[in-house]
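Reading the structure
The lines below spell out each chain.
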Amino acid sequence: MSDLASLGFGREVFRPDHEEFRRTARRFFQHEVEPNVRQWEDDGHFPAELFREAGKYGLLCAGIPEEYGGMGGDVLHHLVMHEEQAYSLAGASLEGGLATDSVAYTLLLAGTEEQKREWLPRFATGDVISEVAISEPAAGSDVQGTKTHAKRDGDDFVINGQKMWLTNGPIMTMFLLIARTDDGTSEKPSFSMFIVPVEGARGLTVGKRMEMMPKSCGGLSEVFFDDVRVPASSLVGGVEGAGLSAGFKTLALGRMVVAARALAAAELGLALTTDYVKQRQAFGQRVIDFQNTQFELASVKTELTVGRAYLDSLYRKMLDSEVDATESAIAKLWCTEAEGRALDRCLQLFGGFGFSDEYPISKMYALARGHRIQVGTSEIMRLLIARSL
Ligand SMILES: Cc1cc2nc3c(=O)[nH]c(=O)nc-3n(C[C@H](O)[C@H](O)[C@H](O)COP(=O)(O)OP(=O)(O)OC[C@H]3O[C@@H](n4cnc5c(N)ncnc54)[C@H](O)[C@@H]3O)c2cc1C
């Protein structure tokens, strides 16, 4: 197997069924995504149909129990799917891509039995495209500053406010909303989580796709609420005031997902750059033959190898217990910062082509910048880690 083809395979933490799942996911990205991605970039977004196609391949909700329509696998199947997006040559163009499983996990862990039976099977088929709506224009890291409000009115809640940065916002069909449910004056605010379907929701406006740093076919949106009514049955877990604990149940997993994507993307960057410098000539020799190139790539390989050892040790732990807030913060901080350093060095070795759209490295570099911000910034990761000291 070439360096590129072997990426992700042969790691001790994975069983044969994970490796088989990886082969299926790789086929999906190679056959269904890579040939179409340029067209989707021109269209401005990948089609919602991609989720249904992924559902047919059995890639969605792989870690969700079969009784809820999932594959009955485990959390490593979920992480393999995210790694495979990052290992794909078109992965950076999809941005958040098939990032809907984390929402399914939130419902699995925090939803009522009725909510799980109603929604989870539709996640698995790709009919539901979803995200968790937490961030607002004036409240991102500081979730306590959330202004969006849901007020009880008989059997309904009436929602007003604004959310921002919703991954796959332009094509989402429902989302989990964190909103304040106290009277808005309390010093200790109370938050609840709601299931909000997009179609037919009066007063709900999904803003236009926000242009982001990488040219991509993914997309993020703002969402505006103007007296949006949802039934009380859409309260996740059926409990008012439990919104943040519902969100926190899968926050560590969300950070592991970003760490997994970041490290895999950096490994792909290293493999692509190694191939490139072996064939590129300058001053009558291959670029790999300059000692500077060898030292740069040796440094990248060292950082990624150390990151891989830590990340895979957490993967192993996740098979029979949970990673905690500190461990997932360390993984996200290390992997996303190492990815940034690695892809910067790799792009440099591509010279001018690195800055162009001719090779995937420029989009990978731009997407990597977002990894240090989403699901909690590097600074917030450091705060979490410092709390354990
Ligand atoms: C690609 C991408 C996808 C996203 N997807 C989603 C999504 O699907 N749903 C969603 O709800 N949100 C999403 N987000 C939003 C993301 O979670 C927020 O951008 C992030 O939490 C930071 O919040 P902010 O942008 O408001 O920055 P701010 O909180 O305003 O932070 C600004 C700066 O101040 C620093 N800072 C803040 N507080 C502290 C502190 N206490 N100590 C030290 N420094 C501090 C931050 O680290 C940062 O550098 C996404 C963002 C990106 C980039």
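Keep in mind that this is a model prediction, so the values were computed, not measured. (Residues numbered from 1 in each chain as written. Predicted model: local features only at pLDDT ≥ 70, side-chain atom pairs only at ≥ 80, totals over all residues.)

Points about the overall build of the chain
A tally of regular secondary structure across the chain gives 14 helices and nine strands. In terms of overall size, the chain behaves like a compact globule, its C-alpha atoms giving a radius of gyration of 21 Å where 389 residues would be expected to give roughly 21 Å. For the chain, the C-alpha atoms occupy an extent of roughly 80 × 45 × 40 Å along the three principal directions. Burial analysis of the chain (389 residues in total) assigns 47% to the buried set. In the chain, the share of contacts with a sequence separation of at least 24, taken over all contacts with a separation of at least 6, comes to 74%. (Helix = DSSP H or I, 4+ residues; strand = E, 2+ residues; numbered from the N terminus. Rg over C-alpha atoms; globule rule 2.2 N^0.38 Å. Buried ≥ 20, exposed ≤ 12 C-beta atoms within 10 Å, placed from the backbone. Contact = placed C-beta atoms within 7 Å.)

Points about the packing of helix 9 (residues 251-279) against helix 10 (residues 291-318)
Packing of helix 9 against helix 10 brings their axes to within 10 Å, and their N-to-C directions diverge by 150 degrees. One way to sum up the angle between helix 9 and helix 10 is to call them roughly antiparallel. The two elements helix 9 and helix 10 cross, and the hand of that crossing is left-handed. Contacts between helix 9 and helix 10 involve Met 256, Ala 259, Ala 260, Leu 263, Ala 266, Glu 267, Leu 270, Thr 273, Thr 274 and Val 277 on the former and, on the latter, Thr 293, Leu 297, Val 300, Lys 301, Leu 304, Gly 307, Arg 308, Leu 311 and Leu 314. For the contact of helix 9 with helix 10, the per-class residue count stands at 12 nonpolar, four polar and three charged. (Axes fitted to C-alpha atoms, helices over the stretch in contact; angles between N-to-C directions. Parallel < 35°, antiparallel > 145°, perpendicular 65-115°, else oblique. Left-handed = near helix turned anticlockwise from the far one by under 90°. Nonpolar A, V, L, I, M, F, W, Y, C, P; charged D, E, K, R; others polar.)

Let's talk about the pairing of strand 3 (residues 156-167)
Inspection of the sheet shows strand 2 (residues 149-153) paired to strand 3 by five bridges, in the antiparallel sense. Residue pairing across strands places Lys 151 opposite Val 158, the latter belonging to strand 3. The turn joining strand 2 and strand 3, which pair antiparallel and follow one another in sequence, is formed by two residues; a positive phi near 65 degrees is taken by Gly 154. Strand direction decides the pairing type here: strand 3 and strand 7 (residues 220-231), joined by nine bridges, are antiparallel. In the sheet register, Gln 162 faces strand 7, and the bridge partner there is Phe 224. (Pairing = 2+ DSSP bridges.)

Description of the domain arrangement of the chain
The assigned domain composition of the chain is domain 1 (3-128), domain 2 (131-240) and domain 3 (250-387). One C-alpha centre belongs to domain 1, the other to domain 3; they are set 21 Å apart. At the junction of the two partners, domain 1 supplies 24 residues and domain 3 supplies 22 residues. Only helix 1 (3-6), helix 5 (75-87) and helix 6 (101-110) provide two or more residues apiece to the side of domain 1 that touches domain 3. Of the residues that constitute the side of domain 1 that touches domain 3, the class distribution is 12 nonpolar, seven polar and five charged. (Domains from an automatic or database assignment.)

Some words on the site of the ligand
The full set close to the ligand counts 21 residues, and Gly 140, Ser 141, Trp 165, Thr 377 and Glu 379 are the nearest of them. Every element with two or more residues in the shell around the ligand is listed here: strand 1 (130-133), strand 3 and helix 14 (378-387). Here the shell around the ligand is built from residues that sort into 10 nonpolar, eight polar and three charged. Each of domain 2 (131-240) and domain 3 (250-387) contributes no fewer than three residues to the shell around the ligand. (Near = placed C-beta within 6 Å.)

Description of the nonpolar core
One finds Leu 120, Phe 194 and Met 256 to be the most contacted residues of the largest nonpolar core, which totals 115 residues. A total of 17 residues in this core trace back to one element, the largest contributor, which is helix 9. Not counting residues up to four positions away in its chain, the partners in contact with Leu 120 are Cys 61, Ile 64, Tyr 68, Gly 69, Gly 70, Ala 104, Leu 107 and Leu 108. (Core = buried A, V, L, I, M, F, W, Y, C linked by C-beta atoms within 7 Å.)

Here we look at the packing of helix 5 against helix 9
Put simply, helix 5 and helix 9 touch, their axes get as near as 8 Å, and they point 35 degrees apart. The chirality of how helix 5 crosses helix 9 is right-handed. Contacts between helix 5 and helix 9 involve Leu 79, His 82, Glu 83, Gln 85, Ala 86 and Tyr 87 from the former and Met 256, Val 257, Ala 260, Arg 261, Ala 264, Ala 265 and Leu 268 from the latter. Across the contact of helix 5 with helix 9, the residue classes tally to nine nonpolar, two polar and two charged.

What to know about the environment of Ser 233
Mapped onto the fold, Ser 233 is located in the loop between strand 7 and helix 8 (243-248). For the pair Ser 233 and Ala 309, spaced 76 residues apart in sequence, the C-alpha separation works out to 44 Å.

A short note on the environment of Gly 247
Here Gly 247 is to be found in helix 8. Along the primary structure Gly 247 and Ile 129 are separated by 118 residues, whereas in three dimensions their C-alpha atoms are 18 Å apart. Non-local contacts of Gly 247, meaning those with residues more than four positions away in its chain, are made with Val 132, Ile 134, Ile 178 and Met 193.

Quick notes on the environment of Ala 201
In this fold, Ala 201 is placed in the loop between strand 5 (191-197) and strand 6 (204-206). Residues Ala 201 and Lys 301, spaced 100 residues apart in sequence, show a C-alpha to C-alpha distance of 50 Å. Ignoring any residue separated from it by four or fewer positions in sequence, one finds Ala 201 in contact with Val 196 and Val 228.

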